[in-house]
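Descriptive analysis of the structure
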Amino acid sequence: QVQLVESGGGLVQPGGSLRLSCAAAGSGFRMNAMGWFRQAPGKERESVASITVSGSTNYADSVKGRFTISRDNAKNTVYLQMSSLTPEDTAVYYCNAHYINTFWRDLEVWGQGTLVTVSS
């Protein structure tokens, strides 16, 4: 019913910046909260940032002050602007969204993941 398409990952040098995008495609849904998770090799998936429909945000302590999450409700798209990147930010980043379907049921969907590599 809903699919998330991510883009923007790639290789960046330490101290650099990168912007991730995630667009929801489909019909018969109303988007709720959206967010970004990441999973580094050998580590469990962790929440990076989230944003409500109204724009309230939350960040993991490790990225606060460096990452900014935003959304465009008209486009059903969420963004993650990443700055001052370090090698510890290297991970597969996954977009996540909660939405209400035509039966008013709260559902969750994940993006396919996009790899961010911070290295010289």
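Please refer to the structure placed before this passage.
Reading the values: rules and limits
- Residue numbering note: each chain is counted from 1, following its sequence as written.
- In keeping with the predicted nature of the model, local features appear solely for residues at pLDDT of at least 70, side-chain atom pairs appear and are counted solely at 80 or more, and the whole-chain, interface and lining totals rest on all residues.
- Excluded from the side-chain calculation are hydrogens and water; included are all heavy atoms of the structure.
- A pair of strands is treated as paired once DSSP finds two or more bridges between them.
- Strands here are runs of E lasting at least two residues and helices are runs of H or I lasting at least four, both read from the DSSP assignment and numbered beginning at the N terminus.
- Here, axes are lines fitted to C-alpha atoms. For helices the fit covers the stretch in contact, and angles between N-to-C directions go from 0 to 180 degrees.
- Our working definition of a disulfide is a cysteine sulfur pair at a distance within 2.5 Å.
- Per-residue accessibility, obtained with a 1.4 Å probe over protein chains only, is compared with the maximum for each type, and a residue is labelled buried under 20%, exposed over 50%, and partly exposed between these values.
- Residues are treated as being in contact if the distance between any of their heavy atoms lies within 4.5 Å.

Strand order in this open sheet of four strands is β1-β3-β8-β7, and the pairing throughout is antiparallel. The outermost strands of the open sheet, each flanked by one partner alone, are β1 (2-7) and β7 (67-72). Across this sheet, the average inter-strand angle for adjacent strands is 15 degrees, counted without regard to direction. Pairing of β7 with strand β8 (residues 77-82), which is carried by six bridges, proceeds in the antiparallel orientation.

Attention now goes to the state of the cysteines. A full pass over the atoms with the stated rule returns one disulfide. With its sulfur 2.1 Å from that of its partner, cysteine 22 forms a disulfide with cysteine 95. With the S-S bond torsion at -85 degrees, the cross-link from cysteine 22 to cysteine 95 turns out left-handed. Separated by 73 residues along the polypeptide, cysteine 22 in strand β3 (residues 18-26) and cysteine 95 in strand β9 (residues 91-101) bring together distant segments of the chain. Given a relative accessible area of 0%, cysteine 22 falls into the buried group. Accessibility expressed as a relative area gives 0% for cysteine 95, which makes it buried.

Here the focus is the pairing of strand β11 (residues 114-118). Burial of β11 is one-sided: the residues Thr114, Val116 and Val118 facing one way are buried, the residues Leu115 and Thr117 facing the other way are not. Note: strand β2 (residues 10-12) against β11, three bridges, orientation parallel. When the sheet's bridge partners are listed, valine 12 is paired in β11 with valine 118. In terms of strand pairing, β9 meets β11 through three bridges, oriented antiparallel. Each bridged residue has a counterpart across the sheet, and for alanine 91 the counterpart in β11 is valine 116.

Linking cysteine 22 and isoleucine 100, residues 78 residues apart in sequence, is a C-alpha distance of 18 Å. Every residue in contact with cysteine 22, bar those within four places of it in the chain, is listed here: Leu4, Val5, Glu6, Met34, Trp36, Asn76, Thr77, Val78 and Cys95.

Moving on, we come to unusual backbone geometry. In this structure, serine 84 takes a positive phi of about 50 degrees despite not being glycine. Counting through the fold element by element, serine 84 comes out in the loop between β8 and β9. Assessed through its relative accessible area of 41%, serine 84 is described here as partly exposed. A positive phi angle is found at tryptophan 104, which is not glycine, with a value near 60 degrees. Within the secondary structure, tryptophan 104 is located in the loop between β9 and β10 (106-110). Owing to a relative accessible area of 64%, tryptophan 104 belongs among the exposed residues under this scheme.

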